[in-house]
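The lines below spell out each chain.
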Amino acid sequence: MAAQRELYDAIVIGAGIQGCFTAYHLAKHSKKVLLLEQFFLPHSRGSSHGQSRIIRRAYPEDFYTQMMAECYPMWARLEHEAGTQLYRQTGLLLLGMKENPELKIIQATLSRQGVEHQCLSSEELKQRFPNIRLARGEVGLLEASGGVLYADKALRALQDAIRQLGGVVHDGEKVVEIKPGLQVTVKTPSRSYQAKSLIITAGPWTNQLLRPLGAELPLQTLRINVCYWQEKVPGSYGVSQAFPCFVGLGFSLAPHHIYGLPSREYPGLMKVCYHHGNNADPEERDCPAAFSDIQDVHILSGFVRDHLPDLQPEPAVMEHCMYTNTPDGHFVLDRHPKYDNIVIGAGFSGHGFKLSPVVGKILYELSMKLTPSYDLTPFRISRFPSLGKAHL
C-alpha cells in the first residue's frame, strides 16, 4: 500500500527571502504550509545569504517606490516579532553627474511619491561627506529612509516565525519531480507531498523546475563578486561616522551601478560591489573565476581609488552570490500559463531582498486566488513576447 501523502494548503519551493516571506504570509493566514529547501540551512549557494542588503525607496519606477511604502512597516513588524534589529537607518546617497537622466527620474519619482529626500550640490556633498572624492559635475541625492537590512538575521527570524505559526520547514530536501493536477504532487528523494497550490521561489534553479512543466522563462543566472575593501583608518566609512549606503549611477567605465554599504559586518572593511556579474550555472558557481570576473574587480578598484580615497584600492575579501536576471530587470510574479495553482516568483535581478515582504504577500494572494494588492502588469510572464508557444 502506498504511503499516505500529506496534504498542504500550499508548498513553497526555495527558502530564500522570497520563499520565506511567502510561507510566512501563508502561515500568518492559518494556511497549512510546507517550505522545502534543497540545501541544509543556512547556506550560501543562492541569493539571500550574507549579512547585509540595502533598503531604499529610491527607484525610477513608481510601482517599486509604492511597494516599498508597505515594505518598511512589514520589516518593522518582523523586527518587533523577532525581538531583534533587522534594519539600520543610514540614509542612501545616490551619486551621479548632474545631467544623469536616471538620477533625474528617481528624484521625480521620490517627489511624486512624497518621499523625503535632499538634492546635494558638489559643495554640499564635500561638506557632508568629506571622505568621498567627487569628479567634476557630480552631485548627490540623499534619501533619508535608506539603510541596511541584516539579511541572515532576517532569514532566521522568518524561518523561526514560520515554525511558530505552525508552518513546516524541511531543508536538505531537493525537489525531483512536480506533478500538476487539482492537487499538485511534489516529490523529493525521501517523501512525496501534496498541496492545493505550489509556489516556486527557486532563484537560479527556477527553470530546472519549470522545464518539465512545459515552461521556461528568459532568466540569466549570474555569479556576482561581493567585495570588501580595507579602511586605511578603521571606522572612517563606518555606521558610527554616519556614513550612508550609496549607489553610483552611470560612471563611464561602469555600465552597471556600483553600490556600497558602511563598514560594520567585517570590522574595518567596507562592502563595495558591482551590480552585475558573469553567466554561471548555479551548480557550478564555485568554479574558478572567469576573465570577466577580474574585469569587474578592475572597474571597482578604479571607482574605489577615485571616489573613496580612505580605502585600500584592492579588495581584502571576496565572496560570491547569485543573481537571476530578467531581460528588463523586473520580477516575475505570476501563475504558470497552463496550471493556475502553480505560482512563480522569479527573476529578482539583484534588487528583490528589500521588496520581499510585499513580494511574499503577492505570491500568497496569487496562490490563494485572492485579488492581488498591486497591479501585476509589470511582472507578468506575457510581457516577454519572444517566448513562443514552445516555451509555454
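Here, the structure is the one placed above.
Treat the numbers as computed from the prediction; the structure is a model and nothing was measured. (Residues numbered from 1 in each chain as written. Predicted model: local features only at pLDDT ≥ 70, side-chain atom pairs only at ≥ 80, totals over all residues. Heavy atoms only, no water.)

Along the backbone of the protein chain there are 8 helices and 20 strands. Radius of gyration (C-alpha) of the protein chain: 21 Å, near the 21 Å computed for a compact globule of 392 residues. Counting only C-alpha atoms and orienting by the principal axes, one finds that the protein chain spans roughly 75 × 45 × 45 Å. Counting only residues that meet the buried cut, the protein chain has 55% of its 392 residues in that class. (Helix = DSSP H or I, 4+ residues; strand = E, 2+ residues; numbered from the N terminus. Rg over C-alpha atoms; globule rule 2.2 N^0.38 Å. Buried < 20%, exposed > 50% of the residue type's maximum accessible area, 1.4 Å probe, protein only.)

Axis separation between helix H2 (residues 62-82) and helix H5 (residues 151-164) bottoms out at 10 Å; the angle between their running directions is 70 degrees. Here H2 is positioned roughly perpendicular relative to H5, judged by the angle of their axes. As for how H2 packs across H5, the hand of that crossing is left-handed. Seen from H2, the contacting residues are Trp75, Leu78 and Ala82; seen from H5, they are Ala154, Ala157 and Leu158. Looking at the contact of H2 with H5 residue by residue, the class counts come to 6 nonpolar, no polar and no charged. (Axes fitted to C-alpha atoms, helices over the stretch in contact; angles between N-to-C directions. Parallel < 35°, antiparallel > 145°, perpendicular 65-115°, else oblique. Left-handed = near helix turned anticlockwise from the far one by under 90°. Contact = heavy atoms within 4.5 Å. Nonpolar A, V, L, I, M, F, W, Y, C, P; charged D, E, K, R; others polar.)

Moving on: the sheet that holds strand S4 (residues 87-89). Across the sheet, which stays open at both edges, the 3 strands sit in the order S3-S8-S4 with antiparallel pairing between neighbours. Of all strands in the sheet, those bounded by a partner on one side alone are strand S3 (52-55) and S4. With strand direction ignored, the average angle separating the axes of adjacent strands in the sheet is 25 degrees. Judged from the 3 bridges that link them, S4 and strand S8 (residues 147-150) form a sheet pairing that is antiparallel. Bridge pairing in S8 places arginine 88 opposite valine 148. Packing against the sheet, H2 makes contact with S3, S4 and S8, and its axis sits at approximately 140 degrees to S3. Across the sheet, H5 touches S3 and S8, and the angle it forms with S8 is around 45 degrees. (Pairing = 2+ DSSP bridges.)

Counted under the stated rule, the structure contains 17 aromatic pairs. Considering the side-chain rings of tyrosine 64 and phenylalanine 379, the 6.0 Å spacing of their centres and the 55 degrees angle between planes classify their relative orientation as tilted. In this pair, tyrosine 64 sits in helix H2 while phenylalanine 379 sits in the segment after helix H8 (356-367), placing the two residues 315 residues apart along the sequence. Its relative accessible area of 0% is what places phenylalanine 379 among the buried residues. Taking the centre distance of 6.0 Å and the plane angle of 5 degrees together, the rings of tryptophan 75 and phenylalanine 353 count as stacked. Taken together, the residues tryptophan 75 in helix H2 and phenylalanine 353 in the loop between strand S20 (342-346) and H8 connect sequence positions 278 residues apart. For the pair tryptophan 75 and phenylalanine 353, a shared accessibility class is recorded, and that class is buried. Grouped by ring-pair contacts, the aromatic residues Tyr59, Phe63, Tyr64, Phe331, Phe348 and Phe379 constitute a single cluster. Above the face of the tyrosine 8 ring, lysine 32 is positioned so that its terminal group lies 4.9 Å from the ring centre. (Phe/Tyr/Trp six-rings, centres within 6.5 Å; stacked < 30°, edge-to-face > 60°. Lys NZ or Arg CZ within 6 Å of the ring centre and 35° of its normal.)

Trans is the prevailing form of peptide bonds, just as negative phi is the prevailing case for residues other than glycine. The backbone of serine 30 shows a phi angle near 60 degrees, a positive value even though the residue is not glycine. Position of serine 30 among the secondary structure elements: in the loop between helix H1 (17-28) and strand S2 (33-36). Residue serine 349 is not a glycine yet carries a positive backbone phi of 55 degrees. Its place among the elements puts serine 349 in the loop between S20 and H8.

With that settled, consider the nonpolar core. By size, the foremost hydrophobic cluster in this structure holds 49 residues, and its most contacted members are Trp75 and Leu355. Mapped by element, the contributors of at least two residues to this core are strand S1 (6-13), H1, S2, H2, H5 and H8. If one sorts the elements of this core by residue count, H2 sits on top with 8 residues. When sequence neighbours within four positions are dropped, the list of residues in contact with tryptophan 75 reads Ile17, Phe21, Ile55, Leu149, Ala154, Phe353, Lys354, Ser356 and Pro357. Counting residues in hydrophobic clusters, the runner-up holds 28 residues, among them Leu34, Trp205, Leu219 and Ile381. (Core = buried A, V, L, I, M, F, W, Y, C linked by side-chain atoms within 4.5 Å.)

Take the side chain of serine 197 next. Inspection of the secondary structure assignment puts serine 197 in strand S12 (residues 192-200). By relative accessible area, serine 197 is classed as buried at 2%.

A separate point is H8. An α-helix turns once per 3.6 residues; consequently, residues spaced three or four apart project the same way. With 12 residues, H8 should reach 16 Å at 1.5 Å per residue; the first-to-last C-alpha distance of 16 Å fits that figure. With 12 of 12 residues buried, H8 lies mostly within the body of the structure. Along H8, the residues that are buried comprise Ser356, Pro357, Val358, Val359, Gly360, Lys361, Ile362, Leu363, Tyr364, Glu365, Leu366 and Ser367. Residues of H8 that are buried sit in contact with H1, H2, S12, strand S19 (332-335) and S20. (Expected span 1.5 Å × (residues − 1).)

So, about the pairing of strand S13 (residues 220-231). Across the 12 residues that make up S13, a large majority, 10, are buried. Relative to strand S18 (residues 311-325), S13 runs antiparallel, the two being bridged by 11 bridges. Across the sheet, cysteine 227 pairs through a bridge with methionine 318, a residue of S18. With 2 bridges joining them, S13 and strand S17 (residues 278-279) adopt antiparallel strand pairing.

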